[in-house]
Amino acid sequence: MALLEIKNLRVEFGSTASPFTAVDGLDLNVEVGEVVGIVGESGSGKSVTSLALMGLIDYPGRVKGERMAFDGRDLLSMSEKERRSLLGKDIAMIFQDPMTSLNPSFTVAYQLIETLRVHQGGSTKELRARALELLKQVDIPDPERRLDAYPHQLSGGMSQRVMVAIAIACNPRLLIADEPTTALDVTVQAQMLELLLQLQRDRGMALMLITHDLSVVAQTAQRVVVMYAGQVVETGRVPDIFNAPQHPYTQALLAALPEHNIGRARLQTIPGVVPGQYDRPSGCLLSPRCAYAVDRCRQERPALIGAATAQVRCHFPLDQAGQPTNGWSKIAKQ
Ligand code: SF4
Ligand code: MG
C-alpha cells in the first residue's frame, strides 16, 4: 500500500458555472521513504495539489476526488479534527519563503516549542532541550544562540533550516517541500537539498519535492511527476525520464536546463505560457506550444497511458531518440 494515494483529484476555483480548474484529474502515489519530484512551470497546479493535501484550500476553492488517502486513511472523508491531528504531525510541509512562514514576533525557541507542545506535550524545559536538538539536526551553526533569536536576525538559509526543524519536529512520515531552494542564494541551495536528503534517509521519511527546476529533481528524486495545466503529462523513474523523455513538454523542460545551453547567449525556454481559465484549448492542453502538434492534437485531448511506473499523456510519445512518432520530423525535413 502506498503511503499517499491520490486518485482523480480536482481543485476548482471561481463560479461553479465557469470554474477555473487548477488541478484536473490528478493521480499520484508516494511510497514509504520515497523521494518524488513534482515538476512544472508556475500555473501547472503543483502547489495547489500540495495545498489541497494539507487541507489549505479555502472557500470558494473546491476540492473533489475519488480518493486522497494517507496510510490507508481517507483524508477526504475524515473529520476536521482527525485531519488536523494528522497534518503537521504525519504530514508536514515547508514553503518557498521562510520569512512568510515564520512568525516575526516570536523567537525560534518559542515557535519550535509551541509546535512540539501541540503534538507531543512535556514541560517547557524538556521541550526546549528537544528544540535545541532539532536545531542541531538541521545543522544550524551556534544553535544555543539561535534558539533565542528572532526570525529577522537569521539569514534566508538559516530561516529555511528553522522551517525544516519545525516541519520535522513531530517526525512526519511525509515531508512536502514546495520550492525549498528557490528563495535561497545559489551557494546555499545545494546545502539545503543535501540536508533534506540526509533527513529523509536518516528518518526513512518520504519526501515530495515540488519545483520548477528539473535539475533539483535530478539531484534528489527517484521518481518524477511532470505537471502541465493541472494534469500529469509524464511520470517515470528519474534516469528514464532524463535519458529518454516521452513527452514533448518534458523534452522542452530538459532542453532548457543550463547544461544544455552552454555557450548560448540566453536560456532556451518554451515559448508561451500555461493556459489560464479562458484559454484552455479543446484538444491537448500543450498544443498551442508544442513543436510537434498536428490536427489530431488540436481536436482530441490525450489520456495518460502506460504502466503505473511510466506514464505519458501524448498522442505521439517521443521515441528513444527523442523523435515524435507522428511523422512530424519526416514531414518537416522534406
Ligand atoms: Fe504535442 Fe500533440 Fe503530444 Fe500534445 S498530443 S504533447 S500537442 S504531440
Ligand atoms: Mg508554486
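Here the structure is a predicted model, which means the values were calculated and not measured.

Draft legend 1. Up close: the overall build of the chain. Counting its secondary structure elements, the chain contains 13 helices and 13 strands. What you see for the chain is a C-alpha radius of gyration of 21 Å, in line with the 20 Å of a compact globule of 334 residues. Over its C-alpha atoms, taken along the principal directions, the chain stretches across nearly 75 × 50 × 35 Å. Counting over 334 residues, the chain shows a buried share of 39%. A sequence separation of at least 24 residues applies to 61% of the contacts in the chain between residues at least 6 apart.

Draft legend 2. View of the site of ligand 1. Within the structure, ligand 1 sits among 13 residues, and Cys284, Cys290, Ala293, Cys297 and Cys314 are positioned closest to it. Broken down by class, the residue content of the shell around ligand 1 amounts to eleven nonpolar, two polar and no charged.

Draft legend 3. Inspection of the nonpolar core at higher detail. Core analysis: the largest hydrophobic core is formed by 87 residues, its most contacted members being Ala165, Leu174, Met208 and Leu209. Of all the elements, helix α7 (residues 156–168) adds the most residues to this core, at eight residues. With sequence-adjacent residues up to four places away left out, alanine 165 is seen in contact with Leu112, Leu134, Leu135 and Val138.

Draft legend 4. Focus on the packing of helix α4 (residues 108–119) against α7. Look at α4 against α7: their axes get within 9 Å of each other, and the N-to-C directions meet at 20°. As judged from the angle between their axes, α4 and α7 are roughly parallel. Where α4 crosses over α7, the two elements pack in a sense that is right-handed. On the side of α4, the interface is formed by Val108, Gln111, Leu112 and Thr115, while α7 contributes Val162, Ala165 and Ile166. In terms of residue class, the contact of α4 with α7 is made up of five nonpolar, two polar and no charged.

Draft legend 5. Here's a closer look at the environment of valine 188. One can find valine 188 in helix α8 (residues 186–203). Distance from valine 188 to methionine 158, taken between C-alpha atoms, is 9.5 Å for residues 30 residues apart in sequence.

What counts, and where the lines are drawn
- Residues numbered from 1 in each chain as written.
- Chains lettered and ligands numbered in written order.
- Predicted model: local features only at pLDDT ≥ 70, side-chain atom pairs only at ≥ 80, totals over all residues.
- Helix = DSSP H or I, 4+ residues; strand = E, 2+ residues; numbered from the N terminus.
- Rg over C-alpha atoms; globule rule 2.2 N^0.38 Å.
- Buried ≥ 20, exposed ≤ 12 C-beta atoms within 10 Å, placed from the backbone.
- Contact = placed C-beta atoms within 7 Å.
- Near = placed C-beta within 6 Å.
- Nonpolar A, V, L, I, M, F, W, Y, C, P; charged D, E, K, R; others polar.
- Core = buried A, V, L, I, M, F, W, Y, C linked by C-beta atoms within 7 Å.
- Axes fitted to C-alpha atoms, helices over the stretch in contact; angles between N-to-C directions.
- Parallel < 35°, antiparallel > 145°, perpendicular 65-115°, else oblique.
- Left-handed = near helix turned anticlockwise from the far one by under 90°.

Everything listed is a geometric property; what it means functionally is a separate question.
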